[in-house]
Amino acid sequence: QVQLVESGGGLVQAGGSLRLSCAASGRTFSSYAMGWFRQAPEKEREFVATISRSGSITYYADSVKGRFTISRDNAKNTVYLQMNSLKPEDTAVYYCAASTGITPRRSYEYSYWGQGTQVTVSS
């Protein structure tokens, strides 16, 4: 089993930055593609970004391209989401997830999920 724990969420004004971290248990972290999703109140969970096992391939939702960067450090069993130029519409609970897929962008492609961290962007 893989356990994921997110951290780094908080309150920030529009235009500010935050870096989220997701720490994974186990010694097989590099076997999984990793992703970030978010869910705002009364909205469905949406894809944010994903990164391949080696970190060589990344994909982003159109809404965050140019502002967010996903990265991973396999030696530390950690994936990151650097969020810049934050907007109020980025407010949501952010979840990290692990997948055995190759280029996963759908929720059903992920097997393990963290419990989430709250990001609130004020106007």
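This is a predicted model, so every value here is computed, not measured.

### Quick word on the pattern of salt bridges
Inference 1: Inspection of the entire model under this criterion finds four salt bridges.
Inference 2: Residues Asp-90 and Arg-38 are paired through a salt bridge, measuring 2.9 Å at the closest nitrogen-oxygen approach. Of this pair, Asp-90 sits in the loop between β8 (78–83) and β9 (92–99) while Arg-38 sits in strand β4 (residues 33–39); the two residues are 52 residues apart in sequence, bridging distant segments of the chain. When sorted by exposure, Asp-90 lands in the same class as Arg-38, which is buried.
Inference 3: Across the pair Asp-62 and Lys-65 runs a salt bridge whose closest N-O atoms are separated by 3.0 Å.
Inference 4: Ionic contacts of the salt-bridge type, sharing partners, join the residues Arg-38, Glu-46, Arg-67 and Asp-90 into one network.

### What about the sheet that holds strand β7 (residues 68–73)?
Inference 1: As summarised here, the arrangement of the four strands in space is β1-β3-β8-β7, forming an open sheet in which the pairing is antiparallel. Of all strands in the sheet, those bounded by a partner on one side alone are β1 (4–7) and β7. Each strand axis lies, on average, 15 degrees off the axis of its neighbour in the sheet, ignoring direction.
Inference 2: Taken together, the four bridges between β1 and strand β3 (residues 18–24) define a ladder with antiparallel strand orientation. Note on β3: the bridge partner recorded for Ser-7 is Ser-21.

### Side note on the environment of Gly-66
Inference 1: Within the fold, Gly-66 resides in the loop between β6 (58–60) and β7.
Inference 2: Between the C-alpha atoms of Gly-66 and Trp-36, which are 30 residues apart in sequence, the distance is 16 Å.

### Structural notes on the nonpolar core
Inference 1: Formed by 33 residues in total, the largest nonpolar core has its most connected members in Leu-4, Trp-36, Leu-81, Met-83 and Tyr-94.
Inference 2: Within the residue set of this core, elements represented by two or more residues are β3, β4, β5 (46–51), β7, β8, β9 and β11 (117–122).

### Concerning the state of the cysteines
Inference 1: Tallied over the full model, the rule gives one disulfide.
Inference 2: Shown here is the disulfide that connects Cys-22 with Cys-96, its sulfur atoms set 1.9 Å apart. Residues Cys-22 and Cys-96 share a disulfide whose torsion about the S-S bond is about 45 degrees; that sign makes it right-handed. Here Cys-22 is found in strand β3, whereas its partner Cys-96 is found in strand β9, with 74 residues between them in sequence.

Definitions and cut-offs
- Residues numbered from 1 in each chain as written.
- Predicted model: local features only at pLDDT ≥ 70, side-chain atom pairs only at ≥ 80, totals over all residues.
- Heavy atoms only, no water.
- Salt bridge = Lys/Arg side-chain N within 4 Å of Asp/Glu carboxyl O.
- Helix = DSSP H or I, 4+ residues; strand = E, 2+ residues; numbered from the N terminus.
- Buried < 20%, exposed > 50% of the residue type's maximum accessible area, 1.4 Å probe, protein only.
- Pairing = 2+ DSSP bridges.
- Axes fitted to C-alpha atoms, helices over the stretch in contact; angles between N-to-C directions.
- Core = buried A, V, L, I, M, F, W, Y, C linked by side-chain atoms within 4.5 Å.
- Disulfide = S-S within 2.5 Å.

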